[in-house]
Amino acid sequence: MHIDVLEKRWIQISIALMAAFAVLIGVAAFAWGVQVPTLERRVDPARLKDDPIWSNPGVREVVPGKHYEVYMIAKVWQFEPREIQVPVGARVTFYVTSADVQHAFKIVGTSVSMQVLPGYVGKVSYTFQEPGEYSFICTEYCGIGHAAMYGVIKVTESK
Ligand code: CUA
């Protein structure tokens with residue numbers, strides 16, 4: 001079968017690109033720790049207040065200074081809680097769900113960004129390497145008060 005030399009070259013370039021992307025995905029996942037938010041569990045958005053976890057959202061200390069869990073509810077039009085505090089260098093696992101419509105949870109300046117859907121709990125982990133204040137915002141348009149959906153994570157030297 002005759003393949004034109006230009007066509008052959010482009011087939012080689014395409015294969016090389018796919019190989020490069022596959023390597024980059026591996027590097028991002030295993031060397032840089034980039035992870036895709038996962039669906040952690042389902043939950044009834046109408047009954048969050050009856051749920052022992054969701055009736056009291058906020059920070060839970062799992063291993064002092066090392067691992068924390070954050071339970072966060074997005075609802076029109078605020079995050080609950082709006083402000084949290086975690087120590088620098090600790091692994092922080094965020095569990096986020098919505099009490100009503102579709103929202104999103106993005107921590108500005110980090111790789112953390114996920115959709116927040118009623119009925120589902122999204123999970124993503126992050127380690128803050130620098131102390132300071134990190135804003136989180138809703139990035140899915142959710143109505144008139146969308147722009148008011150933000151909060152702050154205070155990352156402290158030690159807790
Ligand atoms: Cu919630 Cu936009």
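Structural data are supplied above this passage.
In what follows, the accompanying structure is described. (Residues numbered from 1 in each chain as written. Predicted model: local features only at pLDDT ≥ 70, side-chain atom pairs only at ≥ 80, totals over all residues. Heavy atoms only, no water.)

The subject of this paragraph is the nonpolar core. Among soluble globular proteins, nonpolar side chains are generally buried collectively. With 25 residues, the main nonpolar core has Phe79, Phe94, Phe105, Ile107, Phe128 and Ile153 as its most contacted residues. Looking at this core, the elements that each hand over two or more residues are strand 3 (67-75), strand 5 (83-87), strand 6 (91-98), strand 7 (103-107), strand 8 (113-116), strand 10 (132-137) and strand 11 (150-156). In terms of residues, this core owes the most to one element, strand 3, which gives 4 residues. Grouped together as the second largest cluster of nonpolar side chains are 7 residues, Leu48, Trp54, Ile73 and Tyr95 included. (Core = buried A, V, L, I, M, F, W, Y, C linked by side-chain atoms within 4.5 Å. Buried < 20%, exposed > 50% of the residue type's maximum accessible area, 1.4 Å probe, protein only. Helix = DSSP H or I, 4+ residues; strand = E, 2+ residues; numbered from the N terminus.)

As a further point, take the side chain of His103. Turning to its location among the elements, His103 is positioned in strand 7. The exposure class assigned to His103 is buried, which follows from its relative accessible area of 0%. Setting aside anything within four residues of it in sequence, one finds His103 in contact with Ala74, Lys75, Val76, Ser98, Gln115, Val116, Cys138, Glu140, Cys142 and Met149. (Contact = heavy atoms within 4.5 Å.)

With that settled, the discussion passes to the environment of Phe30. Inspection of the secondary structure puts Phe30 in helix 1 (residues 5-31). Sequence separation between Phe30 and Thr139 is 109 residues; the distance between their C-alpha atoms is 27 Å.

Attention shifts here to the packing of aromatic side chains. Evaluation of the coordinates by the stated rule reveals 8 aromatic pairs. On the basis of an interplanar angle of 10° and a centroid distance of 4.8 Å, the ring pair of Tyr71 and Tyr95 is categorised as stacked. With Tyr71 in strand 3 and Tyr95 in strand 6, this residue pair connects regions lying 24 residues apart in the sequence. Ring geometry for Tyr126 versus Phe128: centroids 4.9 Å apart, planes at 75°, classification edge-to-face. Phe128 gets classed as buried once you look at its relative accessible area, which sits at 0%. (Phe/Tyr/Trp six-rings, centres within 6.5 Å; stacked < 30°, edge-to-face > 60°.)

Along the polypeptide, Val86 turns up in strand 5. Separated by 54 residues in the primary sequence, Val86 and Glu140 have C-alpha atoms spaced 26 Å apart. If we ignore the near neighbours within four places in the chain, the residues touching Val86 are Val59, Tyr68, Val92, Phe128, Ile153, Lys154, Val155 and Thr156.

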